[in-house]
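The lines below spell out each chain.
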Amino acid sequence: MSKAGRLVVLVSGSGTNLQALLDASADPSYGARVVAVGADREGIEGLARAARADVPTFVEKLGEYASRADWDAAIAARIASYEPDLVVSAGFMKILGAPTLDACPVVNTHPALLPSFPGAHGVRDALAHGVKVTGCTVMLADSGVDTGPIIAQEAVAVLPDDDEAALHERIKSVERRLLVEIVGRMVREGWTVSGRTVRIGNRTEGESK
Ligand code: GAR
């Protein structure tokens, strides 16, 4: 088997998607391993998960830089120092700037069926709108807010008694599986982007196998 793909995972919170990637990469056949975890804040469970897994961590707080451009450059340099094949934004609540996006592909995960309900409150906004079906989206990050080419999506039904926390938990249990599957396949099989279509290996997600 060829060398495992190097993942840098970015988090801002509980890091259950990160944990799913850490767990998957314990199996060498997964083909990827988490070489570093970055965050925009301290004291979060995502960083604790990385420490428990003996994965190096770094924190770059936007408020500690004179400008957004300085932060963009700093976080890009931290990420680049781990020579990733792929960056995974897994609940990282900041938009990444050109220095990061131009250096390495970034996969992002979002708890709604884009292009509906982008942004920081995808679950809350879907509930407030009264949708009956929502879900999760794995996409390539670009400079917009959840606007990059979509790689894969899965639907999750909204139940009559759902509140934001209950619905988000059900979405996350689907999201973790989808993210692990897509990241693993991208690293093992490679991918191409043509316009808004992402092909992993030689098929587009959703095509029959
Ligand atoms: C995930 O549901 C992820 O899609 C969401 O934050 C959660 C992180 O959960 N990200 C966004 O809303 C970004 N727009 P986790 O910390 O348990 O992995």
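For clarity, every value in this text was computed on a predicted model and none was experimentally measured.

Parameters at a glance
- Residues numbered from 1 in each chain as written.
- Predicted model: local features only at pLDDT ≥ 70, side-chain atom pairs only at ≥ 80, totals over all residues.
- Heavy atoms only, no water.
- Helix = DSSP H or I, 4+ residues; strand = E, 2+ residues; numbered from the N terminus.
- Expected span 1.5 Å × (residues − 1).
- Buried < 20%, exposed > 50% of the residue type's maximum accessible area, 1.4 Å probe, protein only.
- Near = heavy atom within 4 Å.
- Polar contact = N/O pair within 3.5 Å; in protein donor to acceptor, adjacent residues only side chain to side chain.
- Core = buried A, V, L, I, M, F, W, Y, C linked by side-chain atoms within 4.5 Å.

*Asks:* Describe in detail helix H6 (residues 164-189), supporting the description with residues and values.
*Replies:* Along its 26 residues, H6 runs 36 Å from first to last C-alpha, staying within 8% of the 38 Å computed at 1.5 Å per residue. Note on H6: the residue one or two positions beyond its end, Gly 190, has a positive phi of about 75 degrees.

*Asks:* Quick one: what's the story with unusual backbone geometry, residue by residue and with numbers?
*Replies:* The step from Leu 114 to Pro 115 runs through a cis peptide bond, and the omega angle for that step is 10 degrees. Backbone geometry places Asp 54, a non-glycine residue, at a positive phi of 60 degrees. Summarising the element assignment, Asp 54 is placed in the loop between helix H2 (45-52) and strand S3 (57-59). You can call Asp 54 exposed: its relative accessible area is 71%. Of note in this structure, Phe 117 is not a glycine but carries a positive phi near 55 degrees.

*Asks:* Which residues make up the site of the ligand, and what values go with them?
*Replies:* Looking at the ligand, there are 14 residues lining it, with Ser 14, Gly 15, Thr 16, Lys 172 and Glu 175 nearest. Interatomic distance of 2.7 Å between a backbone N/O atom of Gly 15 and an oxygen atom of the ligand. Here Lys 172 contributes a side-chain N or O atom positioned 2.6 Å from an oxygen atom of the ligand. Residue assignment for the shell around the ligand shows that the elements contributing at least two residues are helix H1 (16-25), strand S5 (106-110) and H6.

*Asks:* Explain the nonpolar core residue by residue, including any values.
*Replies:* Among the nonpolar cores identified, the biggest contains 44 residues, and Val 9, Leu 21, Val 34, Val 37, Val 107, Ile 151 and Val 183 are the most heavily contacted of them. When residues in this core are grouped by element, the largest group, nine residues, is from H6. Val 35, Leu 96, Cys 104 and Val 106 belong to the second largest nonpolar core, which has 15 residues in total.

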